[in-house]
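# Structural description and commentary
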Amino acid sequence: MQYYEDVDDVAEGFGPSAVTIGKFDGVHVGHRAVIAHLERAARQHGLVSTVVTFDRHPLSIIDPGKVPPALTSIAQRRELLDDVGVDATLLLRFDAELQSWTPETFVSRILVETLHAELVFVGSDFRFGAKGAGDVALLRTLGAQHGFSVELIDDVDLVDDVRPDGERRVSSTWIRELLGEGRVAEAARLLGREHAVRSVVVHGNQRGRAMGYPTANLDPSCEGFVPADGVYAARVLHDGTVYPAAVSVGNNPTFEGVPAKQIEAHLLDVDIDLYGETISVLFVSYVRGMVKFSSMDELAAQMRQDDRDIRTLLGLPAPV
């Protein structure tokens, strides 16, 4: 995938292209359906399939108090877009200057002069330009002037992909709701993959190792939306290898001084030194909520039960 972090990085001879525009946070199954249609149309007409996205949520400039937490970091989003096979991605810096552009300026600078668009694929609620002044009707008018056509996502038969339950449309908001309730398996159905967070492993307090359950503690400044507090069946990806794992999220109320939303991963049947390494935690299934135990023995007994439950969820044999 060609990836551009600035308009000026795009080669002058880029395109001609078929373009879709959006935040694409999470690159969920709805996004993937749209991109798949874009790619088919691009192949049919000999165009470069291109995603235009933004480095931050537009609300960060328009109304910072209403910015939702991102499902994925910019780096994760780039990797996911690469995975779905789009030819090119242009990441726009959504700042005060971009916000001030008129709809006509946006179309001229981005779609015409930079991407040489011949097809633009958007939703019926698409807005662009300062104060959202541009709508689909204006986009079509500008397209007629500049030589590109506009196709609506709503007019394409993507119902099974974007409305898997037949009613509610897949959205990043819905996925955040599910993750915020710990419903990671349901979120995975909408994402088309297991939800992942990524960070560097840091030193912890060694309590888990002392109890026979060594854990990799993630630096709190992790990439990806952290799901609800609780214990999860999960997988850990490190350096191309995937390990089954038991993962806890939260402040571990049994002990004092544990940071809020601390992520700790116990790799099953393997003990490797991950300090300083970057790992991804892929959440498979919710097991239970966080509980304050009255003694270490009670906690140890629950951890043994968690181990059995998680092995069952991951389809693993019981430990020897």
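Residues numbered from 1 in each chain as written. Predicted model: local features only at pLDDT ≥ 70, side-chain atom pairs only at ≥ 80, totals over all residues. Heavy atoms only, no water.

Below, the discussion takes up the nonpolar core. Counting 33 residues, the largest nonpolar core has V247, I263, I279, V281 and F283 as its most contacted members. Going through the elements one at a time, α8 (172-180), α9 (184-191), β7 (195-202), β8 (216-218), β9 (230-238), β10 (241-250), β11 (262-267) and β12 (278-288) are the ones with two or more residues in this core. The contact partners of F283, leaving out residues within four places of it in the chain, are V184, E194, H195, V197, P227, Y232, A233, A234, V247 and V249. Grouped together as the second largest cluster of nonpolar side chains are 31 residues, Y4, V10, A88 and F128 included. (Core = buried A, V, L, I, M, F, W, Y, C linked by side-chain atoms within 4.5 Å. Buried < 20%, exposed > 50% of the residue type's maximum accessible area, 1.4 Å probe, protein only. Helix = DSSP H or I, 4+ residues; strand = E, 2+ residues; numbered from the N terminus. Contact = heavy atoms within 4.5 Å.)

Relative to β12, β7 is paired through six bridges, and the arrangement is antiparallel. Within β12, the position partnered with H195 by the bridge is F283. In the sheet, β7 pairs with β8 via two bridges, with the strands oriented antiparallel. Note on β8: the bridge partner recorded for V202 is N217. (Pairing = 2+ DSSP bridges.)

Looking now at the sheet that holds β7. The six strands lie next to each other as β7-β8-β11-β10-β9-β12, forming a closed barrel whose pairing is antiparallel. This sheet shows a mean twist of 45° between the axes of neighbouring strands, independent of strand direction. Inspection of the sheet shows β8 paired to β11 by two bridges, in the antiparallel sense. Looking across to β11, one finds that N217 is bridged to E264. Across the face of the sheet, α9 comes into contact with β7, β9 and β12 while running at roughly 120° to β12. (Axes fitted to C-alpha atoms, helices over the stretch in contact; angles between N-to-C directions.)

Under the definition given, this model contains 13 salt bridges. Among the salt bridges present, the one from R198 reaches E223, with a minimum N-O distance of 3.0 Å. Of this pair, R198 sits in strand β7 while E223 is found in the loop between β8 and β9, placing the two residues 25 residues apart along the sequence. Among the charged side chains, a network of salt bridges with common partners joins D55, R56, R93 and D95. (Salt bridge = Lys/Arg side-chain N within 4 Å of Asp/Glu carboxyl O.)

With that out of the way, let us pick up the environment of M290. When you line up the elements, M290 lands in the loop between β12 and α11 (296-313). With a relative accessible area of 25%, M290 lands in the partly exposed category. The spacing of M290 and V231 is 59 residues in sequence and 6.9 Å in space, taken between C-alpha atoms.

Pairing is parallel across the open sheet formed by six strands, whose spatial order is β1-β4-β3-β2-β5-β6. One side of each edge strand has no neighbouring strand; the edge strands of this open sheet are β1 (2-4) and β6 (149-152). Taken over all neighbouring pairs, the strand axes of this sheet differ in orientation by 20° on average, direction set aside. On the sheet, helix α1 (residues 29-45) packs against β2 (17-21), β3 (48-54), β5 (117-122) and β6 and is oriented at approximately 145° with respect to β3.

What follows deals with the packing of aromatic side chains. Under the counting rule described, the total for this entry stands at six aromatic pairs. Between Y4 and F14, the ring centres sit 5.9 Å apart and the planes meet at 90°, which makes this aromatic pair edge-to-face. In this pair, Y4 sits in strand β1 while F14 sits in the loop between β1 and β2, placing the two residues ten residues apart along the sequence. There is no split in this pair, since Y4 and F14 are both buried. Relative to F283, the ring of Y232 lies with its centre 5.1 Å away and its plane at 80°, an arrangement referred to as edge-to-face. (Phe/Tyr/Trp six-rings, centres within 6.5 Å; stacked < 30°, edge-to-face > 60°.)

In contact at an axis separation of 11 Å, helix α5 (residues 103-114) and helix α6 (residues 136-146) are set at 50° when each is read in the N-to-C sense. Here α5 is positioned oblique relative to α6, judged by the angle of their axes. Judged by the twist between their axes, the crossing of α5 over α6 is right-handed. Contact residues: P103, E104, V107, S108, L111 and V112 in α5; L138, L139, L142 and H146 in α6. Of the residues contributing to the contact of α5 with α6, the split by class is seven nonpolar, two polar and one charged. (Parallel < 35°, antiparallel > 145°, perpendicular 65-115°, else oblique. Left-handed = near helix turned anticlockwise from the far one by under 90°. Nonpolar A, V, L, I, M, F, W, Y, C, P; charged D, E, K, R; others polar.)

The next subject is α11. Compared with the 26 Å implied by 1.5 Å per residue over 18 residues, the 25 Å span of α11 between its first and last C-alpha is a close match. Taken together, the buried positions of α11 are occupied by L299, A300, M303, D306, D307, I310 and R311. Here the buried residues of α11 occupy an arc of 125° about the axis, which is enough to place them on one side. Turned more than 90 degrees from where α11 packs its buried face, D297 and T312 sit exposed. Each element contacted by the buried residues of α11 is listed here: β9, β10 and β12. The positive-phi residue at the C-terminal boundary of α11 is G315, with phi of around 70°. (Expected span 1.5 Å × (residues − 1). Arc of directions from axis to C-beta.)

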